[in-house]
Amino acid sequence: MQFYLADDPYFGIAMVVMLVVILGIFIAIGKWYPGSGADVLDWKPTRSYEDEVRLELEDVDQMLEAQNERRRKSGRPEISEDGIRAEVEAEERWRAERAAEFREGEDDA
């Protein structure tokens, strides 16, 4: 007579209990471990947040200048950050209006 673990009625219950215990252990480690993963790895950011913001703003300026250079070569008017912000705001307003129209159409149906 062969005996299979899957035939044991308590096998499934034991597997679920073990899974819950393992999951509970991981949750407990995550909740009560002192420190963070960055502390364990001794990770420190290479740059400060101020440097990151400054570099991001420089990137925006460089991208605008590169686009304006191409626009000048093709005879189109230059763009500014304020112009792009205005375009984005207009696009967001248009999307919000379209979403409102769509929701109204769904409510009517």
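Provided above is the structure to which this section pertains.
Below: a short report on this structure. (Residues numbered from 1 in each chain as written. Predicted model: local features only at pLDDT ≥ 70, side-chain atom pairs only at ≥ 80, totals over all residues. Heavy atoms only, no water.)

This next bit is on helix α3 (residues 49–74). Because an α-helix completes one turn every 3.6 residues, residues spaced three or four positions apart along the sequence face the same direction. Relative to the 38 Å expected for 26 residues at 1.5 Å per residue, α3 spans 38 Å between its end C-alpha atoms, a close match to the ideal helical length. Phi turns positive one or two residues past the end of α3, at G75, with a value near 80°. (Helix = DSSP H or I, 4+ residues; strand = E, 2+ residues; numbered from the N terminus. Expected span 1.5 Å × (residues − 1).)

Side chains of Y10, I13, V17, V21, I22, I25, F26, I29, Y33, V40, L41 and W43 sit close together on the surface and give an oily, nonpolar patch of about 1,300 Å² of accessible area. Mapped by element, the contributors of at least two residues to the nonpolar patch are α1 (9–32) and α2 (37–41). Judged by its relative accessible area of 56%, W43 falls in the exposed class. (Patch = residues over 30% accessible without salt bridge, like charges linked within 9 Å, V, L, I, M, F, W, Y side chains within 5 Å. Areas by Shrake-Rupley, 256 points an atom, 1.4 Å probe, with all protein chains shown as cover. Salt bridge = Lys/Arg side-chain N within 4 Å of Asp/Glu carboxyl O. Buried < 20%, exposed > 50% of the residue type's maximum accessible area, 1.4 Å probe, protein only.)

A cluster of acidic residues, E97, E101, E104, E106 and D107, forms a negative patch on the protein surface. Topologically, E101 is positioned in helix α4 (residues 81–108). (Lys, Arg positive; Asp, Glu negative; His and termini not counted. Charge placed at Lys NZ, Arg CZ, Asp CG, Glu CD.)

What follows is about the pattern of salt bridges. Opposite charge on two side chains allows them to pair when their charged atoms are near. Within this structure, the stated rule accounts for eight salt bridges. Note that E81 and R85 form a salt bridge whose closest N and O atoms lie 2.7 Å from each other. Of the two residues, E81 and R85 are both situated in helix α4; the distance of four residues between them amounts to about one turn of the helix. Linking R95 and E91 is a salt bridge whose minimum nitrogen-to-oxygen distance equals 3.2 Å. Of this pair, R95 and E91 both sit in helix α4, four residues apart, which is roughly one turn of that helix. R95 gets classed as exposed once you look at its relative accessible area, which sits at 53%. Since its relative accessible area comes to 35%, E91 is described here as partly exposed. Overlapping salt bridges bring together D51, R54 and E58 as one network.

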